[in-house]
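Here is what each chain is made of, one letter per residue.
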Amino acid sequence: MRTLSLAFSLLLAACATAPATPMGGGEHEHHGVSSAGIAASWDASRIEPILARTQRLHLSPDVSALTAGEQVAVRELIAAGERMHQLYMAQRHPQALAAAQFVAEHPELTGVRDLFRLNAGPIATTLDNTREPFLTVSPETPARNMYPAGMTRATMDAFIAAHPERRETLLDDRTVVVDATEENRAHALMVLDHHPVLDTLHPGLRARLQSEQTYLALPYSVAYAHDILFISERLSAAADVVESGDAAFARYLRLRARDLLADDYEGGDAAWVTGEFTGNLNAQIGSYETYDDAMYGVKTFFSLSLLVRDRPRSAELQESLQFLQRVEDSLPYESDREVRSDIPVGVYNIIADFGQARGTNTATILPNEAYLARQYGRTILMRGNILLDESLFQETQRAFAAAVIDSQANDLTPEGGFYRTLWHEIGHYLGVDQTADGRDLDAALEDTADLLEEMKADLVSLTSARILNQQRRITDAQLRGIYASGIRRVLQKSRPRREQPYQTMQLIQWNWYMDHGALRFENGRLRIDYRRYPEAVTSLLREVLAIQRAGDRARANAFVERWTTWRPELHEVIAQRMRESERTRFTIVTYEALDGPQPR
Ligand SMILES: [Zn+2]
């Protein structure tokens, strides 16, 4: 046998009685992982241009309100997060942990260290938007490290077509697919022997692992047992220390500790979404998002976000939710829908992000599964210290100033972006939520469903701003900042590809606004007509809601086709101006709680 798959070596690790991975200090050792055979493959001429376009963002939120118990919980959750980050890297590339070990052993290679940090692994996104290894590791494949190495979609499609009863476990959102070798089988069964809790929490798994041929679908808790057990213990320890001060948060942490062992998040999600947390902390914990699965888009990747509540902004937000029904009633469609105004939304500052969550995400709305959202709702976490960060704002401001006429260049404000994003997330709760004949929008509209849903949320956000202004909850100047942010949002630096839902729906808005007089092209720049803007928003929203309600995929595609023109003498002129204003494209985020004070 030439090489061991990572899932296989993790199985070995699961059965070793090894001490926990040492946390903090940036040293990441993983049992059984060696950096042998790994070397740097890029010279400075490849590294420097990328780092020259990379800014650094150091997050150091005010945590002075944390109780003694919460401070201990933060340490436990950081330990859990560090381990989840390792899992995330391992999910994305079979040699990621060996590469991490190499980087840790070579502190003198600062450029390599920064690229590794930026990309959470040994594959870099280049300035040409390609993905290439910068260490001597294998190139990235669609299988990542979640399907057997070398597997293609055609192979898996054929297998599933021949064995339809295997689809559910192979394409489960929380299983790793490995070859059904005797070694892999034996080790998976050994994990169940050594950790009876996993056996108990997965009825039928033992029999399945004993009998299945060709491929095995290993639940994450079995594939990564050693790590998942460690993380679960950290969550339980964190629950113990916040129990007296924030019982609901403690119950959520305990349920999530169990969810991770069962690979079923319903209990923790219900407690997370519906719980009234009274303390200062919140956390997104586990595997949720599927963006990294390039094969089927079904495998979820690990993340942990540790957040401290911004009490004044959260309170202000709760206040404005009393107008939610008024916003719903003003949407341009026939409906007598009643919306709840107690939706779980809060403003937070990031203490630390791990795994898939690391970066400059501005907001989170979870869980994704429709059946969970329908039963419990979704929680909305606004990430204040990203949304209001001055250096990130400067970059977006430069692009805006390059695109619009000089007299409007200062209309954009960080606060405008903050409120626009906030009401975008809330916008997902409003408007059409199923077709007139009762079908799910996803099922009815398929590949245009996401695009229309995101556009709806954008337009509901702008509608909400108008209504909050009418109710004198926001000033005219604040409204203008939100409207300017709505324009900045839709301007593109390059022509979108049809499979990019966000960029495509932004281009549709851009074109609609041009057509309806909210934007005018003047001497190579755009002028915003704020008077005609509200009606342009309303008319586009009317169209979007009608298409969603009809659930007609052909009509949706025709609409997208009609409104995604890209003209060299207009769009390309603006796009080029925006590209030329760009100083940074990437951001390395560091955290006071993790990396210590910002290096000077
Ligand atoms: Zn959205």
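Procedures and definitions
- Counting restarts for each chain: residues are numbered from 1 in the order of the written sequence.
- For this predicted model, a pLDDT threshold of at least 70 governs which residues receive local features, and a threshold of 80 or more governs which side-chain atom pairs are given and counted, while totals over whole chains, interfaces and linings are taken from all residues.
- Side-chain figures throughout are based on the complete set of non-hydrogen atoms in the structure, without hydrogens or water.
- Simply put, an axis is a line fit to the C-alpha atoms, just over the touching stretch for a helix, and the angle between two N-to-C directions goes from 0 to 180 degrees.
- A run of DSSP states H or I qualifies as a helix once it reaches four residues; a run of E qualifies as a strand once it reaches two. Both are numbered from the N-terminal end.
- Reported orientations rely on four angle classes, namely roughly parallel under 35 degrees, roughly antiparallel over 145, roughly perpendicular from 65 to 115, and oblique for the rest.
- Crossings are assigned a handedness: left-handed for a near helix turned anticlockwise from the far helix by less than a right angle, right-handed for a clockwise turn.
- Note on contacts: a residue pair qualifies if any of its non-hydrogen atoms lie within 4.5 Å across the two residues.
- Note that Gly is not counted as nonpolar here; it falls among the polar residues with everything else outside the nonpolar set of Ala, Val, Leu, Ile, Met, Phe, Trp, Tyr, Cys and Pro and the charged set of Asp, Glu, Lys and Arg.
- Coordination partners: N, O, S within 2.8 Å of the metal, 3.2 Å for Na, K and Ca; water not considered, so apparent gaps in a site are possible.
- Residue exposure (1.4 Å probe, protein chains only): buried if accessible area is under 20% of the type maximum, exposed if over 50%, otherwise partly exposed.
- The definitions used throughout rest on a 1 Å grid laid over the protein atoms alone, on which a cavity is an enclosed set of points accommodating a 1.4 Å probe that cannot get out and a pocket is an open set flanked by protein within 12 Å on both sides along at least five of seven lines; lining residues are those having an atom within 4 Å of a point.
- Grid points are joined across faces, edges and corners, and a volume is the space filled by probe spheres set on the points.
- Note that the arc is computed from the directions linking the helix axis to the C-beta atoms.
- Under this definition, polar contacts are N or O atom pairs within 3.5 Å; protein pairs additionally need one hydrogen-donor-capable and one acceptor-capable atom, and for neighbouring residues in sequence, both atoms have to be side-chain atoms.
- Confidence scores per residue from the predictor, reported as pLDDT, run from 0 to 100.
- By definition here, a salt bridge exists when the distance from a side-chain nitrogen of Lys or Arg to a carboxyl oxygen of Asp or Glu is within 4 Å.

Peer 1: Mind showing me how you'd approach the packing of helix α2 (residues 44-52) against helix α5 (residues 110-119) here?
Peer 2: The relative placement of two packed helices comes down to the angle between their axes together with the axis-to-axis distance. Their axes nearest at 10 Å, the elements α2 and α5 cross at an angle of 55°. On the basis of their axis angle, the class for α2 and α5 is oblique. You can see that α2 and α5 cross each other, and the crossing is left-handed. Note on element contacts: α5 touches α2 through Gly-111, Val-112, Asp-114, Leu-115 and Leu-118, opposite Ile-47, Ile-50 and Leu-51. A per-class count over the contact of α2 with α5 returns six nonpolar, one polar and one charged.

Peer 1: Can you help me understand the packing of helix α4 (residues 96-105) against α5 in this one?
Peer 2: Contact geometry of α4 with α5 gives a least axis separation of 10 Å together with a crossing angle of 145°. Our pair here, α4 against α5, has a crossing hand that is left-handed. Residues Ala-96, Ala-99, Ala-100 and Val-103 of α4 touch α5, and the partners they reach there are Val-112, Arg-113 and Phe-116. The class makeup of the residues in the contact of α4 with α5 is six nonpolar, no polar and one charged.

Peer 1: What is the right way to read the coordination of the zinc ion from this model?
Peer 2: Angles between donor atoms at a metal ideally measure 109.5 degrees for a four-coordinate tetrahedral arrangement and either 90 or 180 degrees for a six-coordinate octahedral one. Protein coordination at the zinc ion: the donors are His-424 (NE2), His-428 (NE2) and Glu-454 (OE), at 2.1 Å from the metal. Coordination of the zinc ion draws on donor residues from a single chain, spaced H-x3-H-x25-E in sequence. Of this pair, His-428 sits in the loop between α20 (414-427) and α21 (441-445) while Glu-454 sits in helix α22 (residues 449-470), and the two are 26 residues apart along the sequence. Relative accessible area serves as the criterion here: at 17%, His-428 is assigned to the buried category.

Peer 1: I would appreciate a short explanation of the side chain of Arg-166 in the present structure.
Peer 2: Considering the arrangement of structural elements, one finds Arg-166 in the loop between α6 (153-162) and α7 (167-170). Note on Arg-166: relative accessible area 9%, which makes it buried. Setting aside residues no more than four positions away along its own chain, Arg-166 makes contact with Phe-159, Glu-212, Gln-213 and Tyr-215.

Peer 1: Quick question: what am I supposed to make of unusual backbone geometry here?
Peer 2: With the exception of glycine, the majority of residues adopt a negative phi angle, and the majority of peptide bonds are in the trans configuration. Following Leu-366, the chain continues into Pro-367 via a peptide bond in cis, with omega recorded as 0°. Along the chain, Pro-367 turns up in the loop between β9 (363-366) and α17 (370-376). Positioned with a positive phi, Arg-144 is a non-glycine residue whose angle comes to about 45°. Structurally, Arg-144 can be placed in the loop between β3 (131-133) and α6. Phi at Glu-446 is positive, roughly 50°, even though this residue is not glycine. On the basis of relative accessible area, Glu-446 is assigned to the partly exposed category, the value being 47%.

Peer 1: I tried to follow empty space enclosed by the protein on my own but got confused; where do I start?
Peer 2: Applying the stated rule across the entire model yields three cavities of 30 Å³ or more. A volume near 60 Å³ is recorded for the largest cavity. Taken together, Met-89, Arg-92, His-93, Ala-96, Asn-119, Ala-120, Gly-121, Pro-122, Ile-123, Arg-131 and Glu-140 form the lining of the largest cavity. For the lining of the largest cavity, a count of residues per class yields five nonpolar, three polar and three charged. The computed volume of the second largest cavity comes to approximately 40 Å³. In this structure, the second largest cavity is lined by Tyr-419, Trp-423, Ser-461, Ser-464, Ala-465, Leu-468, Ile-474 and Ile-482. Elements supplying a minimum of two residues to the lining of the second largest cavity: α20 and α22. Residue composition of the lining of the second largest cavity, grouped by class: six nonpolar, two polar and no charged.

Peer 1: What's the story with helix α15 (residues 311-320) in this structure? I'm lost.
Peer 2: Side chains that are three or four residues apart share a direction in an α-helix, a result of its 3.6 residues per turn. For α15, the complete set of buried residues consists of Ser-314, Leu-317 and Ser-320. Each buried residue of α15 lies within a common arc of 120° when the element is viewed along its axis, so the set occupies one face. Contacts made by the buried residues of α15 are with β7 (301-309), α16 (324-330), β8 (345-355), α20 and α22. A distance of 3.2 Å separates the backbone nitrogen of Arg-313 from a side-chain oxygen at the start of α15, and that oxygen is part of Asp-310.

Peer 1: Please explain the confidence of the model for the chain as it appears in this structure.
Peer 2: Regions with low pLDDT carry predicted coordinates that are not meant to be interpreted in detail. Across the chain, the average pLDDT comes to 92, with 94% of residues at or above 70. Low pLDDT (under 50) marks residues 1-30, which in the prediction has 56 contacts with non-local residues, meaning those over four places away or in another chain.

Peer 1: Looking at this structure, I do not really get the environment of Ser-314. What am I missing?
Peer 2: Position of Ser-314 relative to the elements: it lies in helix α15. Sequence separation between Ser-314 and Met-382 is 68 residues, and the spatial gap between their C-alpha atoms is 9.2 Å. The residues touching Ser-314, leaving out its near neighbours within four places in the chain, are Arg-309, Gly-346 and Val-347.

Peer 1: Help me understand the pattern of salt bridges in this model?
Peer 2: Oppositely charged side chains are able to pair whenever their charged atoms sit close together. Tallying each qualifying case throughout the model produces 41 salt bridges. Between Arg-234 and Glu-76 there is a salt bridge, and its shortest N-O distance comes to 2.6 Å. Note that Arg-234 is positioned in helix α12 (residues 225-242) and Glu-76 in helix α3 (residues 68-92), a separation of 158 residues in sequence. The class for Arg-234 is buried, based on a relative accessible area of 18%. Here Arg-83 and Asp-227 are joined by a salt bridge, their closest N and O atoms 2.8 Å apart. Of this pair, Arg-83 sits in helix α3 while Asp-227 sits in helix α12, and the two are 144 residues apart along the sequence. One exposure class covers both Arg-83 and Asp-227, and it is buried. Each member of the salt-bridge network shares a partner with another, and the members are Arg-53, Lys-493, Glu-582 and Arg-585.

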